[in-house]
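Here are the chains, one letter per residue:
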Amino acid sequence: MWLIKTEEGAELPFMFRIVPGNTKTVGRATRADFIVDAAMVSRLHCRLTAGAAELEVVDLESTNGTFVNGQRIARGSLKAGDRLGVGRVELTISKS
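Cut-offs used in this document
- Residues numbered from 1 in each chain as written.
- Predicted model: local features only at pLDDT ≥ 70, side-chain atom pairs only at ≥ 80, totals over all residues.
- Heavy atoms only, no water.
- Helix = DSSP H or I, 4+ residues; strand = E, 2+ residues; numbered from the N terminus.
- Buried < 20%, exposed > 50% of the residue type's maximum accessible area, 1.4 Å probe, protein only.
- Lys, Arg positive; Asp, Glu negative; His and termini not counted.
- Salt bridge = Lys/Arg side-chain N within 4 Å of Asp/Glu carboxyl O.
- Polar contact = N/O pair within 3.5 Å; in protein donor to acceptor, adjacent residues only side chain to side chain.
- Contact = heavy atoms within 4.5 Å.
- Pairing = 2+ DSSP bridges.

With respect to the side chain of Asp-82
Part 1 of the argument: Topologically, Asp-82 is positioned in the loop between β9 (75-78) and β10 (83-86).
Part 2 of the argument: Although buried, Asp-82 forms no salt bridge, and the nearest oppositely charged side chain, Lys-79, lies 6.1 Å from it.
Part 3 of the argument: Side chain to side chain, Asp-82 and Asn-69 meet in a polar contact 3.1 Å long.
Part 4 of the argument: Once residues within four sequence positions are removed from consideration, Asp-82 is found in contact with Asn-69, Ser-77, Leu-91, Thr-92 and Ile-93.

Considering the sheet that holds strand β5 (residues 46-50)
Part 1 of the argument: The five strands lie next to each other as β4-β3-β5-β6-β9, forming an open sheet whose pairing is mixed. Two strands in the sheet have a free side with no partner beyond their single neighbour: β4 (34-35) and β9.
Part 2 of the argument: The pairing of strand β3 (residues 23-27) with β4 spans two bridges and is classified as parallel. The residue bridging Val-26 from the neighbouring strand is Phe-34, located in β4.

Encoded structure:
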């Protein structure tokens, strides 16, 4: 299982879980699987697909971009310890 969460003490705390084989969307809209109601987050911001060894992230043409370890991406891979940026929210990736 993958854990995607903000750091301890974050102003806007978020934590999501995704198991290998699942695909989830991240965004501000109620139709997003993982709702991040924060500044600069698009209604449907990005899509996460969980594999056994990594998470694939795809930007869904968000206005402010999706970032992996500070680099703007259209598509990328995430591993434990990586940082995912959506809007002004930075999430850390871990595996349990």
